[in-house]
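An overview of the molecular structure
Now for the letters of each chain:
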Amino acid sequence: MTPDIFAQYKARGFGLCRIPPGAKCPVDKGWQLQPLANPDAFGPHDAVGLLCGPLSGGIIGGDLDFHSEDEEAWRLADEILPGTEMMDGRPGKLRSHRYFTMTDTQWP
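What you see is a predicted model, and the numbers here were worked out from it, not measured in a lab.

All right, on to the pairing of strand β5 (residues 93–101) then. Of the pairings in the sheet, the one linking strand β3 (residues 59–63) to β5 comprises five bridges and is antiparallel in character. The residue of β5 that forms the bridge with glycine 61 is tyrosine 99. Bridge count for strand β4 (residues 87–90) against β5 is three bridges, and the pairing is antiparallel. Within the sheet, the bridge partner assigned to aspartate 88 lies in β5 and is histidine 97. Remark: two residues form the turn of the hairpin made by β4 and β5, two consecutive strands paired antiparallel; glycine 92 in that turn has positive phi of roughly 90 degrees.

This part is about the sheet that holds β5. Within the open sheet, the three strands sit side by side as β3-β5-β4. Their pairing is antiparallel. On the outer flanks of this sheet lie β3 and β4, each paired with one strand and no other. Looking at each pair of strands side by side, their axes are set apart by 30 degrees on average, direction ignored.

A few words now on the pattern of salt bridges. According to the stated counting rule, one finds three salt bridges in the structure shown. Residues arginine 18 and aspartate 46 are paired through a salt bridge, measuring 3.3 Å at the closest nitrogen-oxygen approach. One end of the pair, arginine 18, is in strand β1 (residues 15–19); the other, aspartate 46, is in the loop between β1 and β2 (47–51), with 28 residues separating them in the sequence. By the burial criterion, arginine 18 is buried, and aspartate 46 matches it.

What follows concerns helix α2 (residues 71–80). In an α-helix, one turn spans 3.6 residues, which is why side chains three or four residues apart end up on the same side. Taken together, the buried positions of α2 are occupied by Ala73, Trp74 and Ala77. End-on view of α2: buried residues confined to an arc of 100 degrees, all on one side of the axis. Those residues of α2 that are exposed and angled more than 90 degrees off the buried face are Glu71 and Glu79. Contacts from the buried residues of α2 go to β5.

Conventions used here
Residues numbered from 1 in each chain as written. Predicted model: local features only at pLDDT ≥ 70, side-chain atom pairs only at ≥ 80, totals over all residues. Heavy atoms only, no water. Pairing = 2+ DSSP bridges. Helix = DSSP H or I, 4+ residues; strand = E, 2+ residues; numbered from the N terminus. Axes fitted to C-alpha atoms, helices over the stretch in contact; angles between N-to-C directions. Salt bridge = Lys/Arg side-chain N within 4 Å of Asp/Glu carboxyl O. Buried < 20%, exposed > 50% of the residue type's maximum accessible area, 1.4 Å probe, protein only. Arc of directions from axis to C-beta. Contact = heavy atoms within 4.5 Å.

Written out as structure tokens, the structure is:
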């Protein structure tokens, strides 16, 4: 994780957590309650996790775990889900994580 990435995410109002190399989720105690405010909390090989919900201004994430050959599911996802400019993924599934913002009135 670079300080530039940390600064960009923080500037967008995102709450962040640390994901150690090789891990699939945060491991730090209390990660879901308090976003990390200091880039020094991240090691050079740590991934940056995005905290969803009120800690990130209402952002939520959708994880589309369709097989790449399931073109109909991908097409339907594009038709059904609202548009978003914030997407990421891995090679071969670059749009498999999509992020949306919910307002306070949309939270249960």
